[in-house]
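Observations on the model geometry
Residue strings, one per chain:
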Amino acid sequence: MRVIICGAGQVGYGIAERLAAEKNDVSVIDTSVKHIQIVRDTLDVRSFVGHGSHPDVLAAAGANEADMIIAVTLSDEVNMVACQVAHSVFNVPTKIARIRAQTYLNAEYSDLFLRENLPIDVTISPELEVSEVLLRRIALPGATDVLRFADEKIIGLAIECQEECPVINTPLNQLSDLFPDLSATVVGVVRKESLFTPHSSDELMAGDLAYVITPREQVRRTLSIFGHDKPDANRIIIAGGGNIGLYVARAMEAHQSHTRIKIIESSHERALEISDQLKRTTVFHGSALDQEVLLEAEVQDADLIVALTNQDQVNILSSIMAKRLGCKHNLVLINDPAYQEFTHTVGIDAHINPKNVTISKVLQHVRRGRIRAVYSVHHGMAEVIEAEAMETSSLVGPMLRDLDLPEGLRIGAIYRAGQVIQPTGDVRIRPRDRVVLFATQDVVKQVEQMFRVSLEFF
């Protein structure tokens with residue numbers, strides 16, 4: 001596939017790195033000589049210094065033969081114009097744009113991105129995507145990550161296996177004997193920064209991060225069995241009243257009437273603005289690094305602090321301070337991957353990387369075949385994918401135990417006619433089944449092939 005990526009920042013670079021590793025023909029455009037030099041030094045892609053919205057630059061990048069353009073510069077307007085030029089001048093089939101300003105995405109302007117107006121096939125709002133991830137994390141405090149599939153009937157959980165975890169040192173194939181009515185499947189394990197798909201005879205160890213696929217109604221029980229039976233967070237402090245903090249507070253006001261929410265915002269003007277927009281949320285003006293402000297917000301009685309400022313250092317330090325002052329848990333937004341490596345050692349319970357959230361959303365539309373959802377996990381080392389099986393798929397027909405699946409692939413659940421089916425050895429995948437699976441990065445291409453419609457089908 002030939003892809004042009006406009007923007008070589010963290011998101012653009014991450015997408016280019018992923019697609020280049022899968023042997024796609026990738027061209028990257030950015031106005032920054034420094035960013036392009038990094039791309040040239042580290043990735044096997046073509047790169048160009050210039051504006052991604054300029055026709056001559058797009059032409060040099062191969063827009064005449066491109067299958068897709070992904071515009072993820074820091075400017076919404078450049079992203080939109082790049083897609084327009086790619087459509088009008090070069091007839092690029094698929095156009096994806098990152099749109100940050102929420103006014104463009106208001107329902108009253110929903111016709112803006114129609115083909116006859118601004119021909120953008122997919123708009124991605126990083127702030128909305130991150131906000132939704134935060135809400136899922138807050139709703140399930142025992143999980144390190146929460147992924148949704150099959151109309152939210154199937155949930156993927158990342159769960160830390162601590163010393164007191166009841167299922168460690170137990171072969172996975174014995175879990176069904178110990179918990180016969182539990183339909184949870186361990187599909188991936190991270191152990192000392194090494195990621196693998198486990199065999200049925202493997203055991204989980206203390207310190208592992210386990211990726212588990214389970215029906216929605218068994219999420220709480222699954223977390224409990226893994227030693228994470230944590231109560232809901234009813235008293236929450238949000239550090240940072242930007243767009244993400246405001247979105248999260250609004251959503252929780254609308255859907256969680258029992259939750260008490262407080263926001264700490266450093267800008268006096270912004271604090272007044274969001275205070276007028278929220279009904280039940282108390283807004284404090286001050287720094288989340290100020291102990292007096294944290295105590296005024298009653299941090300010692302809080303169940304959770306969610307740090308969402310634009311500065312990683314403030315997010316990390318304020319969350320550490322909050323826990324030392326008595327807050328039970330913290331959830332932190334961290335952009336710089338260098339900080340993510342030591343979060344646990346300094347007292348960070350969980351963190352979210354906006355770059356990974358945006359890349360996952362983009363990959364959902366890049367993946368070929370009947371791919372319905374994609375989540376990039378653990379620094380891009382694997383993906384959790386929901387895909388629809390077609391009549392010609394190699395997965396359809398044989399019992400699962402007879403399938404010759406690659407080493408890095410594990411099926412977690414099957415969704416059929418509104419029912420979730422656990423993938424035991426005697427189950428057969430049928431056409432139109434939606435399959436949720438875990439795939440290490442080296443086998444993602446094979447997964448795409450498994451769910452593509454072959455030419456013989458037509």
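All values reported here derive from a predicted model rather than from experimental measurement.

The subject of this paragraph is the sheet that holds strand 9 (residues 185–191). Spatial strand order, 7-8-11-9-10: 5 strands in an open sheet with antiparallel pairing. At either end of the open sheet lies a strand with only one pairing partner, and these are strand 7 (145–149) and strand 10 (194–196). Strand-to-strand twist in this sheet, taken as the mean axis angle between neighbours without regard to direction, amounts to 20°. Pairing analysis gives 3 bridges linking strand 9 to strand 10, with the strands arranged antiparallel. Residue Val189 lies in a different strand from strand 10, and its bridge partner there is Phe196.

Let us now look at empty space enclosed by the protein. Within this structure, the stated rule accounts for 2 cavities of 30 Å³ or more. The calculated volume of the largest cavity comes to roughly 40 Å³. As for the largest cavity, its lining consists of Arg2, Val3, Ile4, Asp25, Ser27, Arg46, Ala61, Gly62, Glu65 and Ala66. For the lining of the largest cavity, the elements supplying multiple residues, two or more each, are strand 1 (2–6) and strand 2 (25–30).

Ile5, Ile15, Val28, Ile70, Ile429 and Phe451 are the most contacted members of the largest nonpolar core, which totals 46 residues. A total of 5 residues in this core trace back to one element, the largest contributor, which is helix 1 (residues 10–21). Non-local contacts of Ile15, meaning those with residues more than four positions away in its chain, are made with Ile5, Ile70, Val72, Ile359 and Val362. Grouped together as the second largest cluster of nonpolar side chains are 26 residues, Leu134, Ile244, Leu246 and Ala249 included.

In this numbering, the UniProt entry assigns the feature "domain: RCK N-terminal" (unreviewed entry) to residues 1–124 and 233–352. Across residues 1–124, the secondary structure splits into 33% helix and 22% strand, with the terminal C-alpha atoms separated by 21 Å. Helix makes up 38% of residues 233–352 and strand 22%, and the two end C-alpha atoms of the span are 18 Å apart.

Thresholds, definitions, all that
Residues numbered from 1 in each chain as written. Predicted model: local features only at pLDDT ≥ 70, side-chain atom pairs only at ≥ 80, totals over all residues. Heavy atoms only, no water. Pairing = 2+ DSSP bridges. Helix = DSSP H or I, 4+ residues; strand = E, 2+ residues; numbered from the N terminus. Axes fitted to C-alpha atoms, helices over the stretch in contact; angles between N-to-C directions. 1 Å grid on protein atoms, 1.4 Å probe; cavity = no way out; pocket = protein on both sides within 12 Å on 5 of 7 lines; lining within 4 Å. Points joined across faces, edges and corners; volume = space filled by probe spheres on them. Core = buried A, V, L, I, M, F, W, Y, C linked by side-chain atoms within 4.5 Å. Buried < 20%, exposed > 50% of the residue type's maximum accessible area, 1.4 Å probe, protein only. Contact = heavy atoms within 4.5 Å. UniProt positions renumbered as here; feature names shortened; annotations may be inferred.

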